[in-house]
Amino acid sequence: MEVRKRFSQELDDLKLEVLRMAALTEHALTKALRAFFERDSDLAEEVVASDEEIDLLEVDIDKRCLRLLALEQPMARDLRFIIGCMRICINLERIADQAVNIAERALYLNQRPALPHQPLMERLAATSVDMFKQAVSAFNIGNTQQASKVCQMDDAADELNLKILRHFVDYMVAEVRAVERAVYSIIVSRCLERCGDHATNVAEAVVFIVEGVEIKHHCEP
Amino acid sequence: MFRKLSFRSRLLLSFWAVLFLALLLPSLYYRKTLSEEINADTRSNAIHQLNLAYWLLSQDQPFQNAASLQVWCKTLGDHLGTRITYVASDGTVIADSQVSFAQVPSMGNHANRPEIVQAYKEGLGTSSRYSITLERNLIYAARKSDGGGAIPAGVIRVAVPFLEVKRKLDRLGRNLILTVLLAFGATILISYLFARQLEAPLRRMIRAAEGIGSGDYGKRIRISPGQEFSPLSHAINKMAKSIEKQIHTITEQKQQLEAVLNGMAEGVMVLDSRGRIRTVNPALARIIPHPPASIGRRPLEVILSSELQQACDQVLAGSDELPVQPYNLEISLGEGRAFDVNIVQLRDRQEGMGAIVVFHDITQLKRLEKIRQDFVANVSHELRTPLTSIKGYAETLLAGRTESPDSTRDFLQVILKHANQMSKMVDDLLQLARLEARQQLSEAVAVDVATALNSAWKACSSLAEAKEVRLEKLLPEDPLLVRADAEQLEQVFRNLLENAVKYGPSGGTVRVSCNFGPEGVVFQVRDEGPGIPSQAQPRIFERFYRVEKNRANQEGSTGLGLAICRHIIQNHGGEIWVESPPQGEAEGSAFFFTLPLANKE
Ligand SMILES: Nc1ncnc2c1ncn2[C@@H]1O[C@H](COP(=O)(O)OP(=O)(O)OP(=O)(O)O)[C@@H](O)[C@H]1O
Ligand SMILES: [Mg+2]
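A. Quick look at the overall build of chain B. For chain B, the count of helices and strands is 14 helices and 17 strands. The 601 residues of chain B split such that 38% are buried. Sequence separation of at least 24 residues holds for 58% of the intrachain contacts in chain B that already meet a minimum separation of 6. Split by element, the accessible area of chain B, about 34900 Å² in all, is 56% carbon and sulfur.

B. Representation of the site of ligand 1. Residues and elements named next belong to chain B. Around ligand 1 there are 21 residues in total, and Asn499, Tyr503, Asp527, Gly559 and Leu562 lie nearest to it. Lys502 places a polar side-chain atom, nitrogen or oxygen, 3.4 Å from an oxygen atom of ligand 1. Between Ser589 and ligand 1, the recorded distance is 3.4 Å, taken from a side-chain N or O atom to a nitrogen atom. Across the complex, the protein chains shield 99% of the 590 Å² of accessible surface that ligand 1 would expose by itself. For the shell around ligand 1, the elements supplying multiple residues, two or more each, are α13 (486-503), α14 (561-571) and β17 (589-595). With four residues, α13 is the single largest residue contributor to the shell around ligand 1. Residue composition of the shell around ligand 1, grouped by class: eight nonpolar, eight polar and five charged.

C. Structural context of the interface of chain B and chain A. In this assembly, 28 residues from chain B lie in contact with 24 residues from chain A. Buried area between chain B and chain A, summed over both chains or domains, comes out near 2000 Å², and the portion from carbon and sulfur atoms is 50%. The interface formed by chain B and chain A includes five salt bridges. For the salt bridge of Asp12(A) with Arg276(B), the shortest nitrogen-to-oxygen distance reads 2.4 Å. Secondary structure elements with two or more residues in the side of chain B that touches chain A: α7 (299-302) and α8 (306-317) of chain B. Ranked by residue count, the leading element in the side of chain B that touches chain A is α8(B), at five residues. Looking at side-chain class alone, the side of chain B that touches chain A contains nine nonpolar, 11 polar and eight charged residues.

D. Highlighting the packing of aromatic side chains. Residue and element names in this part refer to chain B. Counted according to the given criterion, the structure contains 13 aromatic pairs over all chains. Centroid distance Trp16 to Phe184: 5.2 Å. Interplanar angle 10 degrees. Geometry classified as stacked. Of this pair, Trp16 sits in helix α1 (residues 7-60) while Phe184 sits in helix α4 (residues 164-213), and the two are 168 residues apart along the sequence. For Trp16, a relative accessible area of 26% gives the class partly exposed. Phe184 sits in the partly exposed class, given a relative accessible area of 21%. When the centroid spacing of 6.5 Å and the interplanar angle of 80 degrees are considered together, the rings of Phe339 and Phe359 count as edge-to-face. You can see Phe339 sitting in strand β9 (residues 337-348) and its partner Phe359 sitting in strand β10 (residues 352-361), a full 20 residues away along the chain. Through pairs of rings, three or more aromatic residues link up here, namely Phe493, Phe523 and Phe593.

E. Looking closely at the confidence of the model for chain B. Across chain B, pLDDT averages 82, with 93% of residues at or above 70. What the predictor reports for the complex is a pTM of 0.59 with an ipTM of 0.77.

F. Layout of the pattern of salt bridges. In the structure shown here, the tally under the stated rule is 29 salt bridges over all chains. Measuring nitrogen to oxygen at the nearest pair gives 2.9 Å for the salt bridge that ties Arg190(A) to Glu193(A). In this pair, Arg190(A) and Glu193(A) are both assigned in helix α6 (residues 179-211), three residues apart and thus about one turn of the helix distant. For Arg190(A), a relative accessible area of 45% gives the class partly exposed. Since its relative accessible area comes to 7%, Glu193(A) is described here as buried. The residue Glu472(B) makes a salt bridge to Arg511(B) at a minimum N-O spacing of 3.3 Å. Of this pair, Glu472(B) sits in strand β12 (residues 470-474) while Arg511(B) sits in strand β14 (residues 509-517), and the two are 39 residues apart along the sequence. For Arg511(B), a relative accessible area of 28% translates into the label partly exposed. Within this structure, Asp12(A), Asp13(A), Arg276(B) and Arg298(B) form a network of salt bridges that share partners.

G. A look at unusual backbone geometry. Residue and element names in this part refer to chain B. With an omega of -5 degrees, the peptide bond running from Ser580 to Pro581 counts as cis. Take Pro581: it is sitting in the loop between β16 (576-579) and β17. One non-glycine residue, Phe544, lies in positive phi territory at about 70 degrees. As for its placement among the helices and strands, Phe544 is situated in the loop between β15 (520-527) and α14.

H. Looking closely at the side chain of His198(A). Topologically, His198(A) is positioned in helix α6. When sequence neighbours within four positions are dropped, the list of residues in contact with His198(A) reads Asn91(A), Arg94(A), Ile95(A) and Gln98(A).

I. Seen up close, the nonpolar core. Leu14(A), Val18(A), Ile88(A), Ile102(A) and Phe139(A) are the most contacted members of the largest nonpolar core, which has 76 residues in total. Breaking this core down by element, the ones donating at least two residues are α1 (2-37), α2 (41-72), α3 (76-109), α4 (119-141), α5 (144-174) and α6 of chain A. When near neighbours in sequence (up to four residues on either side) are disregarded, Ile102(A) contacts Leu29(A), Ala32(A), Leu33(A), Phe36(A), Val188(A), Cys191(A) and Leu192(A). Grouped together as the second largest cluster of nonpolar side chains are 49 residues, Leu435(B), Val501(B), Ala563(B) and Phe593(B) included.

J. Examining a nonpolar patch on the surface more closely. Taken together, the side chains of Leu162(A), Leu165(A), Val169(A) and Val173(A) define a hydrophobic patch exposed on the protein surface, amounting to about 360 Å² of accessible area. Following the sequence through the fold, Leu165(A) ends up in helix α5.

K. The arrangement of the packing of α4(A) against α5(A) in detail. All names here are of chain A. The geometry of α4 relative to α5 is characterised by a closest axis approach of 9 Å and an angle of 160 degrees between their N-to-C directions. Considered as vectors, α4 and α5 are oriented roughly antiparallel to each other. The chirality of how α4 crosses α5 is left-handed. In this structure, α4 uses Leu120, Met121, Arg123, Leu124, Thr127, Asp130, Met131, Gln134, Ala135, Ser137, Ala138 and Ile141 to contact α5, whose residues at the interface are Gln146, Ala147, Lys149, Val150, Met153, Asp154, Ala157, Leu160, Asn161, Lys163, Ile164 and Phe168. Residues that form the contact of α4 with α5 fall into these classes: 14 nonpolar, five polar and five charged.

L. Quick look at the sheet that holds strand β4 (residues 136-145) of chain B. Residue and element names in this part refer to chain B. Pairing in this open sheet of five strands is antiparallel, and the strands run β2-β1-β5-β4-β3 from one edge to the other. Two strands close off the open sheet at either side, each with one partner strand: β2 (93-96) and β3 (124-131). Averaged over all neighbouring strand pairs, the angle between strand axes comes to 20 degrees, with direction disregarded. Lying over the sheet, helix α2 (residues 66-80) contacts β1 (83-88), β2 and β5 (154-161), oriented at roughly 40 degrees with respect to β2. Contacting β1, β3, β4 and β5, helix α3 (residues 114-122) crosses the sheet at an angle of about 180 degrees to β3.

M. Here's a closer look at the sheet that holds β17(B). Residues and elements named next belong to chain B. Across the sheet, which stays open at both edges, the five strands sit in the order β12-β14-β15-β17-β16 with mixed pairing between neighbours. Either end of the sheet is taken by a strand with one partner, and the two such strands are β12 and β16. The average angle at which neighbouring strand axes cross in this sheet is 20 degrees, direction not considered. The strands touched by helix α11 (residues 449-459) within the sheet are β12, β14 and β15, with β12 carrying the most contacts at an inclination of about 175 degrees. Across the sheet, α14 touches β16 and β17, and the angle it forms with β17 is around 25 degrees.

What counts as what
- Residues numbered from 1 in each chain as written.
- Chains lettered and ligands numbered in written order.
- Predicted model: local features only at pLDDT ≥ 70, side-chain atom pairs only at ≥ 80, totals over all residues.
- Heavy atoms only, no water.
- Helix = DSSP H or I, 4+ residues; strand = E, 2+ residues; numbered from the N terminus.
- Buried < 20%, exposed > 50% of the residue type's maximum accessible area, 1.4 Å probe, protein only.
- Contact = heavy atoms within 4.5 Å.
- Areas by Shrake-Rupley, 256 points an atom, 1.4 Å probe, with all protein chains shown as cover.
- Near = heavy atom within 4 Å.
- Polar contact = N/O pair within 3.5 Å; in protein donor to acceptor, adjacent residues only side chain to side chain.
- Nonpolar A, V, L, I, M, F, W, Y, C, P; charged D, E, K, R; others polar.
- Buried area = accessible area lost by both parts, 1.4 Å probe.
- Salt bridge = Lys/Arg side-chain N within 4 Å of Asp/Glu carboxyl O.
- Phe/Tyr/Trp six-rings, centres within 6.5 Å; stacked < 30°, edge-to-face > 60°.
- pLDDT = per-residue confidence, 0-100.
- Core = buried A, V, L, I, M, F, W, Y, C linked by side-chain atoms within 4.5 Å.
- Patch = residues over 30% accessible without salt bridge, like charges linked within 9 Å, V, L, I, M, F, W, Y side chains within 5 Å.
- Axes fitted to C-alpha atoms, helices over the stretch in contact; angles between N-to-C directions.
- Parallel < 35°, antiparallel > 145°, perpendicular 65-115°, else oblique.
- Left-handed = near helix turned anticlockwise from the far one by under 90°.
- Pairing = 2+ DSSP bridges.

Put into structure tokens, the structure is as follows:
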């Protein structure tokens with residue numbers, strides 16, 4: 001009984017650590033986006049600096065999971081929870097890396113004249129952040145419906161990414177001087193799209209934890 | 001053991017004990033002594049009769065034969081009402097008053113009868129025994145006799161029956177047991193009835209006490225089963241009353257506290273010692289974007305901020321001896337919302353240390369602070385730029401280093417241009433201040449929109465011609481009249497058109513159209529320019545705010561135009577907003593504002 005109680009406490013702590021990592025990642029992502037859209041290089045520097053903490057946290061959570069797997073030999077849902085947490089962590093860390101990428105592009109772009117305002121990019125950013133938040137919230141309350149919704153949103157993100165690519169290609173044809181900046185912006189768009197993909201992976205891990213089914217690469221359980 | 005029994009069985013047991021003591025013991029005792037007495041009496045009576053029979057025997061001697069002895073025995077026995085037997089020393093019965101002479105020889109040998117044995121040994125013997133011959137309890141007494149004549153030496157024996165009382169006594173003993181059994185049965189009934197009579201009010205008392213226990217503090221005990229119970233019911237009533245009073249106080253305090261919590265604009269979260277949320281107030285539920293059931297969760301699960309969780313952990317880690325200072329931090333949640341968070345320890349004797357987290361929304365405060373900072377920075381910046389030029393050119397002129405009157409003139413021209421710009425800015429600022437001070441409009445009359453629009457377009461025609469921008473008017477044919485200050489309406493149009501031309505592309509088109517909504521007319525000024533980033537959209541109506549400060553084509557602009565527009569429109573009771581990109585378009589921006597229609601009388 002005592003052992004059981006301690007184990008569930010450990011699982012609870014694990015969840016909290018994953019949420020902590022999600023919080024830090026969200027912070028990094030939104031900061032990077034503000035650095036990009038509001039041309040604020042200080043914020044970009046902060047994002048680059050904060051990445052180490054997230055990396056350390058990932059290692060820590062990974063160790064935690066391995067220890068729980070080895071010592072407790074969990075079954076069924078507990079096992080899925082631990083493995084799901086490991087998957088989520090990997091994706092969170094990748095999203096944080098994308099945030100760093102965006103911040104680095106922003107550092108470069110902020111030193112050049114601004115490109116015209118990009119409403120599509122704003123929409124993609126909003127979509128990616130929303131996907132991320134929904135995925136984390138789905139994990140937090142164990143809601144598979146919300147998780148499926150995230151998977152569906154991924155299409156919208158991919159489509160926006162393509163649109164942005166087309167837009168910038170047209171733009172580069174017209175304004176040769178802006179080719180470099182446009183390419184960098186395309187990279188940002190690509191990063192955002194990747195964030196969406198990772199958020200989808202997080203959502204899939206949630207479905208795996210709650211229902212024990214793999215929905216990788218297709219949206220329905 | 002006794003305590004565990006029910007009241008009824010205890011009552012029953014005590015009844016039985018009393019019955020046993022009062023009924024059975026004395027009667028058993030009396031029965032015993034009485035029967036002893038009767039035995040002794042009967043025995044002495046038997047001895048008396050024996051002595052009498054012996055004396056008579058010695059008087060009436062000698063007998064000629066056994067038959068005469070038999071007659072004598074019978075006569076005496078009849079007179080005395082006893083049985084008289086004469087037994088020879090060899091044990092054969094010679095005469096017996098109760099047996100006919102013919103049957104005497106067939107009687108058994110009496111030598112081993114205890115009384116006869118005793119009589120030979122001691123001269124006198126007694127014994128009590130059930131006689132098979134007479135079928136009753138008898139007392140036998142025997143005495144040695146020397147005989148004489150035809151009668152051999154032997155023993156004379158008298159058998160006296162026990163008194164009739166003795167038999168009655170025996171029967172009484174049997175009846176007594178029956179009576180006692182009956183009495184025991186009766187006590188069961190009595191104790192049951194009595195206990196029930198006691199139980200009914202007792203049960204009511206219990207029900208009242210239970211009612212009090214389960215929260216019906218208004219309940220009182222009115223009847224008590226007996227005098228002994230009245231202190232108990234008094235005590236229970238008193239307890240109920242004091243509980244009622246305390247509950248009342250507590251409820252009142254709780255209600256007050258709840259009202260305070262519910263009425264607070266700040267979000268409040270109470271944590272228990274394990275760092276889990278115990279309660280939140282409605283204001284906090286508004287802060288959390290999609291509030292999951294927050295009770296029992298940890299702060300991080302509800303508000304995704306790792307700083308907050310860390311701070312809570314730190315405060316909760318403080319002990320009684322080492323209290324942590326009230327913790328203060330600032331967290332920002334999504335959509336640019338900022339909160340000032342205060343965490344204080346909550347000392348709870350039962351459950352250890354808890355914490356109270358208070359969220360103070362400082363989004364607006366921060367925004368205002370930023371506006372103010374920007375305003376000061378902007379005013380000084382905007383004034384300094386032209387001033388530096390003016391100063392520079394004026395110094396050059398004073399130094400007399402100009403070569404030709406032409407360049408002197410150029411310099412003076414530049415100075416004038418900058419001075420004009422400064423004065424325009426000061427004018428704008430003054431107008432803004434006036435608009436702000438005078439919230440209501442004084443001279444609202446019916447104004448023809450077409451006239452205002454035409455003169456506004458004329459004002460920015462020079463710039464429009466330079467950029468080859470066309471104006472497309474999509475207004476109704478008949479004159480459209482709105483209630484407004486003519487000059488101010490023209491200014492709104494001028495500012496919006498100026499912006500559309502200035503920020504739009506060369507050779508583009510600016511469209512002005514209108515719609516009729518419930519609050520009046522909705523005007524739209526649309527261009528094909530680069531648009532305005534969404535996070536800047538709420539801010540462009542602030543004074544001095546300009547999008548992307550390093551954009552080149554903003555020469556001669558101060559960022560006051562839209563601020564003035566907003567104030568004018570607000571003073572007219574209307575609204576102004578921007579959509580960028582406009583609905584259904586990929587780029588460009590559309591400015592909307594509403595104005596009330598003028599009554600057409
Ligand atoms: N039609 C438009 N298209 C794109 N950006 C615009 C448009 N209108 C306004 N803006 C942006 O909004 C900012 C604020 O406009 P506002 O009219 O208040 O100031 P301004 O035009 O810079 O200066 P002023 O009007 O005082 O000369 C501008 O700096 C510009 O960046
Ligand atoms: Mg303007």
